[in-house]
Structures are given as C-alpha cells and as structure tokens.
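Understanding the architecture of this molecule
Read off the chains here:
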Amino acid sequence: MDDLLDALRVLQLDNSQSVRDELYSTAGEWLLKLPDRWSIGYKVLPFLLSGMTDGIPKSVRLCEEYMDKVGKLYEEEWNERVKDELDYMQTEDTVATTGRPRIGSRHFARESTQKIVTLCIEGMADWNAEVRVKSAQILATFMHYSEDKVTGYTGVILPALYKVLAGDEARVMAEALNVAVSLGKYVQPDVYLEVIDPALRNGQGGSTQHRMGCLRSLEGLLRGTPPARLDAVRLERLIHALHDKELMNNENVELLAEVSSVVAEIVKLVPSTAGTVPTGNVSPTAGNAAFGVFVIITHLFSIEADDKVVGNQQTRAKCTQALQVLATAHGLFSVQDLFGVYLTAMLDRLIFTEASWTRYSPELRVLRTVLLESGPAVGQHLDVIIPLLSRIAAPDKDMEVRETVLDILRSHLQSRPSPLNSQSRLPAHSIPILRKIIITNAVWRPGRKLAALRTKSIDALLALLSNTEVGEGHIGLLTTGALQSSWDPDLCNVLVSTLEDDSMATRQSTLSVLDLLLQGLVFDANTFRKVYQELQKRLDDAHDELRIHVAKVWATYFTALGRWNLRMAPFVAASGTANSVLVDERGQLVQEGGGLLEIALDEVHAVAMVKGLAIHMDDTNATLQEAVFGALQVATRVLPPTVMREQLSAVRGKHRSPRYIDALLAEIPA
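This write-up is about the structure you can find in this document. (Residues numbered from 1 in each chain as written. Predicted model: local features only at pLDDT ≥ 70, side-chain atom pairs only at ≥ 80, totals over all residues. Heavy atoms only, no water.)

Broken down by element type, the protein carries 32 helices and 4 strands. Over its C-alpha atoms the protein spans a radius of gyration of 39 Å, topping by over 25% the 26 Å that the globule rule assigns to 670 residues. Projected onto its principal axes, the C-alpha positions of the protein cover 130 × 50 × 40 Å. The long-range fraction of contacts in the protein, counting pairs at least 24 apart against all pairs at least 6 apart in sequence, stands at 71%. Summed over all atoms, the accessible surface of the protein reaches about 29,900 Å², with 52% contributed by carbon and sulfur. Counting 68 positive and 83 negative side-chain charges, the protein places the centres of these two groups 2 Å from one another. (Helix = DSSP H or I, 4+ residues; strand = E, 2+ residues; numbered from the N terminus. Rg over C-alpha atoms; globule rule 2.2 N^0.38 Å. Contact = heavy atoms within 4.5 Å. Areas by Shrake-Rupley, 256 points an atom, 1.4 Å probe, with all protein chains shown as cover. Lys, Arg positive; Asp, Glu negative; His and termini not counted. Charge placed at Lys NZ, Arg CZ, Asp CG, Glu CD.)

Okay, here's the thing in structure tokens:
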C-alpha cells in the first residue's frame, strides 16, 4: 500500500474524469472490503475526500455514497464505540435533518485526524500549486467529518494558513480561506484567538506579509463562527487585538484593507452579542463592543489615500458596508445617524489624547471624519467641539494640526444650512472662533506652509461671514458684537497684512471679507483712514481681476463712510468746523473731560481718494474703468462736492476720453 500511495495521489489530479472516478471507486471498495480497512483507513480516506471536492457532481455523489456506506459498516463493526450516540439519533435521518454526516463516518474520520491533518499541511507547502489547492480542499472537507475534534490541531493548522494566505496564487488562497471558514465553524473562538492573537501582534517580528496572512485567516475564522459563540467578552478581546497601535497606524494601505475585511465580518456578529444597543439619545460607553468596532471602522474610514493605491478602494467599500450594517443593527436610518449616536463617546476618547497630537497623529484624521460625518449632531456638542478646536489651533501646535481645524470649519460651512449651526448656537461661540482660530492663524509669519494656513484662515472667515442663516445682530454666523470687539487692533491688522499677501487667493478673499464687514460693522475715523490707504494700494495689483474687485469694494467703502457721516452729523452741526469733539461715556458732547471723538475726515484724505481712483478711469481695462466709475458715483454723495469737482476737473484733460469725468461732474451736487 505504501508503495502505491504516491502514484495514487498523482491520479487525484489526472485530467481524465474516468481515471479519477476509478480511483475513487477503488478507494471506496478497499474501505468496504479489505480485512485491514480500519488500520489503513487514514491512507485511503484522503482519496474519497478528494473526490468530494471534484468539480463533477457525479463524482462527488459517488464519494459521498461510499463514505456513507463506510460509516454504516463502522457502526456495525464498532457498535460499542458509537452505541450511546446511536441511541440518541436515528442514523438514517442524520444528514437530512442536521446536514451532518452519519455517526459512523464521523468516528471513522476522527480516528485519522492527526495523520490526515499532517498530510494536508505538508501538501499545502508543496511546490506544485495543484497539490496545494487539492490539499486545502481535502482539509476543509475533512473538517466536515472531524468537526470539533480538530480543535487540538488548531495550533498546527493556523500557522500553515498564515503562510499560504500571506501570499500565494489566488486559487490556493481561496481554498485556504475555506479551510479557515471550516475551522471557525467547529473550533471555539477562545481556542483560535489564543493562537492568532500573539501571531498577529508579534509573529515573525510583526512583518507586514505575515500580518496579512493572519488577518485573512482571522477573516475566514470569523466568517465561519456561529454568532452565538462570540459573546461580548470574546468580541472585546478580538477588538482589543485589532486596536494594536502598530497595526492600526500602519502606513501600508493593503494591510489596512485586510483589517477592514476582518471588521466587516466582526460587525455582522455585533447585533446578537454586543449587549444593549444604544438608540436615540442614549450615549454608549467606551466598553461597549459595538463602540469598539465603530472606533476601528472610523479609524480605517479616515485614511486618506489615492484610489489608485492598492487596497484603498477595498478599505472604503468594506468600511461603508460595515457602517451600514452597524447602523441597521442600531435601528438607525443612516450612517450619519450612527456617527451622531457615538459622537459624544468619540469626542471623549479623542480629547483624552489631544495634548500630544502632532502632524503624524492619526487622531486628527479621525476627528475630521467624525465631525464631518456626524452631520447636524455636531451642533449639539459645540460646547465641547469649539474649545477642542480652539486648543489644537494654537500657534504652538504643528501647522498640519491647525490646518485640520480650518479644513473642518470650511467643510461644515460650505453646507447650507451648516451642521455647526443646526441648533442655532454657533454665534454664541463667535469670540473663540475669531480670536483663537481665525485671527491666530491668519497672523503673518514667514514660510510657504504658513502662507497656505493664512489663506485657509481667511477663507474660513469669509465662509462664516457669507452664511445668511442668522438675521439681525449678526454678519453671517458671527455676532456683530464679537466682530466689533475683535476689530481694533487684532482683526484690522490681520486683514491689512493679508491684503498684501503673496497669494492672490488670500488677497481676493480678504477683499470679500472687508466688503462684508464694511456693510455690517460700525467703524470710526481711524479705521476709514487705514482702510482706504490699503484699498488704494490694491488698485495697482498685478491682476486685473483683483483690481476690479477692489473697485467694487470702494463702492461699499463709500456707502459705509456715508452712514458714518450721517451718525456724526449732529456732532458736526454742534461743533462748527472742528474735526473732533469731546464726548462722555454715553456719547454726549461735553466741554471738558471725556474722550476725543473724530467726527470728520480731513479734506486731504478725500483728495487722496479721488485722485487715486480717477487715474484708473483712464485704464486700458474697460471693466475696471466701469467699476471705478461706479465707486466714484457713490463718492459724489459722500465726499465734499468742492473736492470732487476740483480733482475731477484737474484730470479731465489728461484722460483719453472725458466721458466718465463729465458724467461724474454732472452728478456732483451744486
């Protein structure tokens, strides 16, 4: 027999179906008729198991029938061994009612467990891929007969699976995964976790390929594990194993894709084992198994990589699938609702480590993902979120950390209505947003990266001011009180510096911010003096698009100046020709004491404004000419008529066409 085995094993892979069928029939007859059939069973049984994995249904049925006959014969000849089990179950009904092989077949297979497992593992390491495939198929089929009796060989089978699943031909890996599924079906989680946990953490020095093999094996084990077997305690142990920092923070996206596949299997087991599922406004605890899974999914979901990177699309797809399953298990309508349920717990978890965050901290990605995916729920937690963002936007933090804060703000503010203001509470946080996030990061500092940070800061401010969800007493989502108190000197100085930034985008956004502030804030004479000088500089910008924008802001400037003139009119009437008066705390005129209030700009400033603007009405860009003309039209109702008339008349003869000058002179009040 031993001399024939090698030749017979070659016949298992013969291309002729009739040859293979003859091999299966011979093996079956030997097991039924040879006098020493039970002692040589471990040598012959693999041929029947091989036939059960044959792609031809007729061959599969042939081998199954032989195995059933062998099992029946075993029950007759070894009745004492199986008598107790037979008393509790009718052999003829076994397969039909439970899907399990008959008792005799199982007992016969179990007696050969050690030798068949060893044979299959050796075959899975063979140089021939066909042999490796067949060996894995035989092992998976054998487990159907040996059932939980294979438990003692878990420590032998799993390392072999790690090696195959770490990188082999696709068809070999597919069959090895089936072995893992079968193993998970019959072996208790405590047993295989005891073997796979240390291998996943430290096996082969924690090499990436070895870990990928471990993760793929774990995926198969979980796929085969009945949900009732994996209780909350075992789930938490499993989740703890995946929370390993070296694993979760690995930069190999392909490895993380395998983690996502494992999580996709775990999440299917959570509903029946995680205990109380949080719903509605119930806040889950960090010890909740479902929350542990959610943390891992969120970490994977936050990974930023190009879709062309191997494993990235798989990771996103698996995470999305897992989140949907978890949301359904919680009785929620969407993944956004799921993020909302866990928002408080996630924020608590993140705040615990925020002091140590750097540009390399994965928590930054997680924070962004959690806040962006939670939708309107973030508006309920501003008392936690805004202080957190303010702290990590401080100047002593890495530039990338502060950049994340601004990205979060901008992303939320691009939506209408903004999730940050879902409870209409965002304006109450105007001062910390302005002073600790926007102004702090918009201050000029040398460096290209910090220039990008200034751009994002001004863009975030523009998004806040442009939002129209809130009414009177606000400019956008910021209160006028907060803007007014932050204006001089902090916000004003920042905007003056960003108007001269090297980045055109920053200058453009700053002009839009100034335009909105001129419409909504109350400025004094000092501000008007400072702002007009900066606007004049920008009329000489290298970009026509920006010069046209400046001209339009000039129109807003003159409108704001007109409102200021109206407020100062009573003081002007009472003071005569003076440009300043003394007022008390209530803004009433006094003869002595009190503070100095400027009530009018010197004519020299009006002269400078008209001169500076009139030059550009003779520009080669017609659009710019039109925009400057529009601004000066507003100025005719604000600036002293004599100044306007004198300055425009002085340049009329220097322009190529006096059309705009004449039109303005006609509009100046007599």
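So, on to the packing of aromatic side chains. By the definition in use, this model includes 14 aromatic pairs. On the numbers, 5.5 Å between centres and 40° between planes, the contact of Phe291 with Tyr342 is tilted. Of this pair, Phe291 sits in helix H17 (residues 289–301) while Tyr342 sits in helix H19 (residues 335–351), placing them 51 residues apart in sequence. Residues Phe291 and Tyr342 agree in their burial class; the two are buried. When the ring of Phe629 is compared with that of Tyr660, the centres are 5.0 Å apart and the planes differ by 45°; the resulting orientation is tilted. Residue Phe629 is found in helix H30 (residues 622–635), and its partner Tyr660 is found in helix H32 (residues 659–667); the two are separated by 31 residues along the sequence. Taken individually, Phe629 and Tyr660 each receive the classification buried, so the pair is uniform in this respect. In this structure an aromatic cluster arises from ring pairing among Trp487, Phe523, Phe528, Trp554, Tyr557, Phe558 and Trp564. Lying across the ring of Tyr42, Lys115 places its NZ or CZ 4.0 Å from the centre. (Phe/Tyr/Trp six-rings, centres within 6.5 Å; stacked < 30°, edge-to-face > 60°. Buried < 20%, exposed > 50% of the residue type's maximum accessible area, 1.4 Å probe, protein only. Lys NZ or Arg CZ within 6 Å of the ring centre and 35° of its normal.)

Now for unusual backbone geometry. Omega for the peptide link from Arg416 to Pro417 comes to 0°, which places this bond in the cis form. Along the chain, Pro417 falls in the loop between helix H22 (399–413) and helix H23 (430–442). Looking along the chain, the bond that leaves Asp488 and enters Pro489 is cis, with omega of 5°. Structurally, Pro489 can be placed in helix H25 (residues 480–498). The backbone phi angle of Glu147 is positive, close to 50°, even though this residue is not glycine. Mapped onto the elements of the fold, Glu147 is located in the loop between helix H9 (129–146) and helix H10 (154–165). Backbone geometry at Ser424 places phi at a positive 60°, although glycine is not the residue there. Assignment of secondary structure puts Ser424 in the loop between H22 and H23. The class for Ser424 is exposed, based on a relative accessible area of 59%.

The subject of this paragraph is the pattern of salt bridges. Two side chains bearing opposite charge may form a pair once their charged atoms approach each other closely. A complete count under the given rule lists 42 salt bridges for this structure. Its salt-bridge partner being Glu29, residue Lys33 comes within 2.8 Å of it at the nearest N-O pair. Of this pair, Lys33 and Glu29 both sit in helix H2 (residues 17–33), 4 residues apart, which is roughly one turn of the helix. Residue classification places Lys33 among the exposed positions, given a relative accessible area of 62%. Where Asp541 meets Arg507, a salt bridge forms, and the shortest distance between an N and an O atom there is 2.9 Å. Of the two residues, Asp541 is situated in the loop between helix H27 (525–538) and helix H28 (544–575) and Arg507 in helix H26 (residues 504–520); the sequence distance between them amounts to 34 residues. The class for Asp541 is buried, based on a relative accessible area of 7%. Salt bridges sharing common partners tie together Glu304, Arg368, Glu403, Asp407, Arg410, Lys456 and Asp459. (Salt bridge = Lys/Arg side-chain N within 4 Å of Asp/Glu carboxyl O.)

With that settled, consider the pairing of strand S3 (residues 580–583). Of the two faces of S3, only one is covered, namely that formed by Val581 and Val583; the face formed by Ser580 and Leu582 stays uncovered. With 4 bridges joining them, S3 and strand S4 (residues 595–598) adopt antiparallel strand pairing. Paired with Leu582 across the strands is Leu596, a residue of S4. (Pairing = 2+ DSSP bridges.)

With that out of the way, let us pick up the environment of Asp87. Among the secondary structure elements, Asp87 is positioned in helix H5 (residues 79–88). Taking the relative accessible area as the measure of exposure, Asp87 reaches 52% and is therefore exposed. Taking the C-alpha atoms as reference points, Asp87 and Ala670, separated by 583 residues in sequence, lie 120 Å from one another.

A few words now on H32. Taken residue by residue, H32 has Tyr660, Ile661 and Leu664 as its buried positions. The buried residues of H32 all sit within an arc of 100° when viewed along its axis, so they share a single face. Exposed and oriented more than 90 degrees from the buried face of H32 are Arg659 and Ala666. Along its buried surface, H32 packs onto H30 and helix H31 (641–652). (Arc of directions from axis to C-beta.)

Formed by 214 residues in total, the largest nonpolar core has its most connected members in Ile157, Leu367, Leu517, Trp554, Tyr557 and Phe558. In terms of residues, this core owes the most to one element, H28, which gives 14 residues. The residues touching Tyr557, leaving out its near neighbours within four places in the chain, are Leu518, Phe528, Arg529, Val531, Tyr532, Leu535 and Met609. (Core = buried A, V, L, I, M, F, W, Y, C linked by side-chain atoms within 4.5 Å.)

Tracing the chain through its elements places Leu326 in helix H18 (residues 312–329). A relative accessible area of 0% means that Leu326 is categorised as buried. Along the backbone, Leu326 and Leu338 are 12 residues apart, and their C-alpha atoms lie at a distance of 7.8 Å. Setting aside residues up to four positions removed in sequence, Leu326 forms contacts with Val267, Val270, Ala290, Phe294, Ile297 and Leu338.

You can see Ser112 is positioned in the loop between helix H7 (103–110) and helix H8 (113–124). By relative accessible area, which is 7% here, Ser112 ends up buried.

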